[in-house]
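Chain residues, written in single-letter form:
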Amino acid sequence: MQRTIQSELEEITRQGLLRRTRLVSGRQTERVTCNGRDVLLLCSNNYLGLADHPALAAASIAAIQQYGTSSGASRLVSGTMELHEQLENAVSDFKKCEAALVFNSGHAANTGIIPALVGRGDVVFSDRLNHASIVDGILLSGARLVRYRHNDYRQLGMLMEKHAKGRCLIVSDGVFSMDGDIAPLAELVILKRKHGALLMVDDAHGSGVLGSQGRGSVEMLGVGSDVDVQMGTFGKALGSFGAYAAVSAEMRSLLINRARSFIFSTSLPPSVLAASLAAVELVQSPEGDLLREQLSANTRFFRDSLAEAGFAIPDGSTQIVPVVIGSADTTMKFSEELLAEGLFAQGIRPPTVPVGTSRLRFTLMATHTHADLAGAVERITLVGRRLGVV
Ligand SMILES: *Cc1c(COP(=O)(O)O)cnc(C)c1O
């Protein structure tokens with residue numbers, strides 16, 4: 001018998017995995033109203049608080065007045081506007097690359113770029129904890145997927161010896177979205193060179209935050225010239241929306257000709273492009289440096305305090321702070337009780353993370369105050385004790 005939609009939903013519910021959206025009212029600042037309640041936001045990727053920055057809003061409004069509300073077509077039809085080119089020039093300067101190409105979202109970038117680089121007969125070597133959109137891109141490409149243990153470049157080396165064939169691509173998050181740790185990019189570069197492979201880094205969580213002037217994990221680890229595609233997004237630290245590939249001029253031409261999410265989709269509108277452009281400028285300014293200093297002070301305080309309280313926090317140093325709980329049920333209960341205490345943090349469970357590693361994922365913002373975070377640590381510890389987690 002054909003399974004019904006209802007029975008499928010019941011099955012998801014039975015597994016404790018039913019997801020719902022939560023309505024947030026007002027602006028995306030460090031405090032929001034969630035289901036009518038004022039809460040401290042501890043699960044936003046708006047790391048520098050730019051989603052609410054007047055410079056971005058002003059740029060966006062001015063762009064609508066000058067250019068209107070839509071690009072009206074895909075880039076290869078009539079949808080390439082001056083702002084697309086200005087933004088791409090700004091991104092290639094920012095990333096110190098020859099060229100850049102803007103995509104409509106990080107998901108669209110990964111599902112467009114990877115099938116443009118590899119196909120049937122080729123092999124992609126992918127970290128097990130890479131973002132879902134990378135996995136989607138690989139599946140779409142038809143290339144063989146070989147996964148290596150998280151950040152385990154020794155295993156990657158052995159797998160490459162064994163399975164390298166056709167054109168090979170190594171792909172990794174720069175900062176891992178669920179674990180908050182940083183990829184061993186120097187080691188990936190050695191393997192890439194040894195096997196003549198391409199290397200792609202998804203820096204959705206590193207751009208704007210890591211490296212000098214926020215240039216990202218690739219710049220921080222000094223491997224820029226060896227990374228073939230630096231993908232990044234505008235929707236997280238940069239407070240806007242969309243994504244880009246920072247690449248060589250040659251690679252840009254290939255992507256324009258082969259990346260289907262670029263070819264067959266209406267391009268980003270002026271309002272979004274202008275906000276992104278303002279954000280790329282802002283993160284490189286002294287104000288950007290100040291915001292990054294605040295973010296890293298907040299990160300240190302929050303990580304140290306929770307570890308001291310006895311929580312299991314995997315090694316790391318970034319603004320993404322996972323607290324591994326284990327069971328999906330306890331994790332969701334924890335998250336509900338935190339909400340009742342005025343703290344909004346997401347529980348993350350399968351299939352986003354492997355079974356048995358459900359976690360609370362806290363993300364910090366530059367705009368959290370010390371008092372916000374000290375109060376949060378106190379309440380997290382209280383709930384943790386109540387649930388027998390610490
Ligand atoms: C968020 C994210 C994406 C997707 O970017 P969107 O612009 O939100 O579609 C891709 N990769 C990683 C690592 C991400 O965290």
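What counts, and where the lines are drawn
Residues numbered from 1 in each chain as written. Predicted model: local features only at pLDDT ≥ 70, side-chain atom pairs only at ≥ 80, totals over all residues. Heavy atoms only, no water. Near = heavy atom within 4 Å. Polar contact = N/O pair within 3.5 Å; in protein donor to acceptor, adjacent residues only side chain to side chain. Areas by Shrake-Rupley, 256 points an atom, 1.4 Å probe, with all protein chains shown as cover. Helix = DSSP H or I, 4+ residues; strand = E, 2+ residues; numbered from the N terminus. Contact = heavy atoms within 4.5 Å. Phe/Tyr/Trp six-rings, centres within 6.5 Å; stacked < 30°, edge-to-face > 60°. Buried < 20%, exposed > 50% of the residue type's maximum accessible area, 1.4 Å probe, protein only. Axes fitted to C-alpha atoms, helices over the stretch in contact; angles between N-to-C directions. Left-handed = near helix turned anticlockwise from the far one by under 90°. Nonpolar A, V, L, I, M, F, W, Y, C, P; charged D, E, K, R; others polar. Pairing = 2+ DSSP bridges. Salt bridge = Lys/Arg side-chain N within 4 Å of Asp/Glu carboxyl O.

Caption draft 1: A look at the site of the ligand. In the vicinity of the ligand, 13 residues are found, and the nearest of them are G106, H107, D202, H205 and K236. Here H131 contributes a side-chain N or O atom positioned 3.5 Å from a nitrogen atom of the ligand. Here K236 contributes a side-chain N or O atom positioned 2.6 Å from an oxygen atom of the ligand. Notes on the ligand: free accessible area 380 Å², of which the protein chains cover 84%.

Caption draft 2: Quick peek at the side chain of Q155. Mapped onto the fold, Q155 is located in helix α7 (residues 153-163). Leaving out residues up to four positions away in the same chain, Q155 has contacts with Y148 and R149.

Caption draft 3: How the structure looks around the packing of aromatic side chains. A complete count under the given rule lists 4 aromatic pairs for this structure. Centre to centre, the rings of F103 and F262 are 6.2 Å apart; their planes meet at 65°, and the pair counts as edge-to-face. Here the residue F103 occupies a position in strand β4 (residues 99-103), and F262 occupies one in helix α11 (residues 260-263), the gap between them amounting to 159 residues. Overall, F103 belongs to the buried group, its relative accessible area being 1%. A relative accessible area of 4% places F262 in the buried class. Ring geometry for F234 versus Y244: centroids 5.1 Å apart, planes at 50°, classification tilted. Of this pair, F234 sits in the loop between β9 (229-233) and β10 (243-247) while Y244 is found in strand β10, placing the two residues 10 residues apart along the sequence.

Caption draft 4: Structural detail: the environment of L129. Among the secondary structure elements, L129 is positioned in the loop between β5 (123-127) and α6 (132-141). A relative accessible area of 26% places L129 in the partly exposed class. If we skip the residues at most four places from it in the chain, L129 touches H150, D173, F176, D179 and P354.

Caption draft 5: The packing of helix α5 (residues 106-117) against α6, seen in detail. Their axes nearest at 8 Å, the elements α5 and α6 cross at an angle of 35°. Every pair of crossing elements has a handedness; the one defined by α5 and α6 is right-handed. Taken together, the residues of α6 that come into contact with α5 (itself represented by G106, H107, N110, T111, I114 and P115) are S133, I134, D136, G137, I138, L140 and S141. Within the contact of α5 with α6, the residues separate by chemical class into 5 nonpolar, 7 polar and 1 charged.

Caption draft 6: Examining the pairing of β4 more closely. Among the 5 residues that make up β4, 5 are buried, leaving the element largely enclosed by the rest of the structure. Side chains A99, L101 and F103 of β4 all project onto a buried face; the interleaved residues A100 and V102 project onto the opposite face, where all are buried too. Relative to β10, β4 runs antiparallel, the two sharing 5 bridges. Residue pairing in the sheet places L101 in a bridge with A245 of β10.

Caption draft 7: A look at unusual backbone geometry. For the bond running from P350 to P351, omega is 5°, close enough to zero to count as cis. Within the fold, P351 resides in the loop between β13 (346-348) and β14 (358-363). Phi is positive for K96, which is not a glycine, with a value near 55°. The backbone of Q213 shows a phi angle near 55°, a positive value even though the residue is not glycine.

Caption draft 8: Representation of the pattern of salt bridges in the model. The final tally for this structure, using the stated rule, is 16 salt bridges. Of the charged contacts, one joins K194 and E161 as a salt bridge, the two residues approaching to 2.8 Å between their closest N and O atoms. On the criterion of sequence distance, the pair formed by K194 in helix α8 (residues 185-195) and E161 in helix α7 is long-range, its members being 33 residues apart. Residues D179 and R359 are paired through a salt bridge, measuring 2.7 Å at the closest nitrogen-oxygen approach. Here D179, found in the loop between β7 (168-173) and α8, pairs with R359, found in strand β14; they are 180 residues apart in sequence, far enough to count as distant. Exposure remark for D179: the relative accessible area of 14% places this residue in the buried category. Note on R359: relative accessible area 4%, which makes it buried.

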